[in-house]
Amino acid sequence: MRLYLAVAAGAFRRYATYRGATFAGIFTNTVFGLIIACTYIALWDERPHLGGYDQAQALTFVWVGQAMFSVMMLGVPSGFETELADRIRSGDIAVDLYRPADLQCWWLAQDLGRAFFQLLGRGVVPMAVGALVFELALPADPLRWLAFLFSVLLGMVVSFALRYLVAMSAFWLLDASGIAQMYGIAATFFCGMLLPLNVFPGAIGDVARALPWSALLQVPADVLMGTQGSRGLPGSYLFQAGWAAAILGVGRLLQATATRRVVAQGG
């Protein structure tokens, strides 16, 4: 455990050194948040309570999305999975698999370190700007904020698990960039980045809310605003934890298969 804590801390410090990129990301997320918020105001003026949200809740969803964008990699992934896929393609992964450290846990620790920095570095400021400019439905109860942060942590794990599968696909495809592009499209659409999943009609909405990408944005936003519906807070956590466990399990199966393949080739 101490090893993985050190890896996470190292990743946090690594991303903290890129101050220029952090400031650029804050600026970009804030500008996009302002543009999308104005669009949402026009939409909710025409359709009040669309998707069960009032206008303040819809605007809160916008700024939660901007705060979570880099934390959860809500677009084309460009984090650890790129480096891991490159190591698989070059053959350097063989060295990693022989190390006395679990490959999945190593990269999970590194990605959590990155995500926690992005939460502080690129999440807080855009949310604060949104709260200053617009009327948001932010809770006054500190326990609600703690519940939100725990949901964010679960979302981080789900995000890592999904992107780990993207990286592991390089064992069979050699070039995982196409899978990464497809993942980015699916993640952007099904996490709620374009519109809250509550707005999606009928069966499309039911499917979207059941997919793992909803654990990255829709569920944390609803936990923050207390709009989980019949699922409730325990059900929201169970949904996220269930997807995290399932996808991590698939990742471990792929890792075991890849390890046997590398060992066989090495023999």
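Figured I'd write up the structure that's included with this text. Quantities reported herein were computed from a predicted structural model and do not represent experimental measurements.

What counts and what doesn't
Residues numbered from 1 in each chain as written. Predicted model: local features only at pLDDT ≥ 70, side-chain atom pairs only at ≥ 80, totals over all residues. Heavy atoms only, no water. Helix = DSSP H or I, 4+ residues; strand = E, 2+ residues; numbered from the N terminus. Buried < 20%, exposed > 50% of the residue type's maximum accessible area, 1.4 Å probe, protein only. Contact = heavy atoms within 4.5 Å. Axes fitted to C-alpha atoms, helices over the stretch in contact; angles between N-to-C directions. Parallel < 35°, antiparallel > 145°, perpendicular 65-115°, else oblique. Nonpolar A, V, L, I, M, F, W, Y, C, P; charged D, E, K, R; others polar. Patch = residues over 30% accessible without salt bridge, like charges linked within 9 Å, V, L, I, M, F, W, Y side chains within 5 Å. Areas by Shrake-Rupley, 256 points an atom, 1.4 Å probe, with all protein chains shown as cover. Salt bridge = Lys/Arg side-chain N within 4 Å of Asp/Glu carboxyl O. Expected span 1.5 Å × (residues − 1). Bend = angle between axes of the 7 residues up to and from the residue. Polar contact = N/O pair within 3.5 Å; in protein donor to acceptor, adjacent residues only side chain to side chain.

**Some thoughts on the environment of Asp 222**
Within the secondary structure layout, Asp 222 lies in helix H11 (residues 218-225). The class of Asp 222 is buried, set by a relative accessible area of 8%. If we skip the residues at most four places from it in the chain, Asp 222 touches Tyr 53, Asn 198, Thr 227 and Gln 228.

**Details of the environment of Asp 111**
Secondary-structure assignment places Asp 111 in helix H6 (residues 103-133). Each C-alpha atom, one on Asp 111 and one on Met 156, is 8.4 Å from the other, the two residues being 45 residues apart in sequence. The contact partners of Asp 111, leaving out residues within four places of it in the chain, are Phe 80, Phe 160 and Arg 163.

**Here's the deal with the packing of helix H4 (residues 80-90) against H6**
The description of two packed helices rests on the angle between their axes and on the distance between the axes. It is at 10 Å that the axes of H4 and H6 come closest, and there the two elements cross at 150°. Considering their axes alone, H4 and H6 lie roughly antiparallel with respect to each other. Between H4 and H6, the contacting residues are Phe 80, Glu 83, Leu 84 and Arg 87 on the first element and Trp 107, Gln 110 and Asp 111 on the second. Taken together, the residues that form the contact of H4 with H6 break down as three nonpolar, one polar and three charged.

**A few points about a nonpolar patch on the surface**
Together, Phe 27, Val 31 and Ile 35 make up a nonpolar patch on the protein surface, roughly 300 Å² of accessible area in all. When you line up the elements, Val 31 lands in helix H2 (residues 19-46).

**A look at unusual backbone geometry**
In terms of backbone geometry, most residues other than glycine have negative phi values and most peptide bonds are trans. One non-glycine residue, His 49, adopts positive backbone phi at about 65°. On the basis of relative accessibility, which here comes to 57%, the residue His 49 falls in the exposed class.

**Here we look at H6**
Between its first and last C-alpha, H6 extends 44 Å over 31 residues, near the 45 Å set by a 1.5 Å rise per residue. Where H6 bends most, the angle comes to about 35°, and this point is Gly 123, followed within four residues by the proline Pro 126. At the N-terminal end of H6, a side-chain oxygen is found 3.2 Å from the backbone nitrogen of Gln 104, two or three residues along, and the residue is Asp 102.

Taken by themselves, the reported measurements are silent on function.
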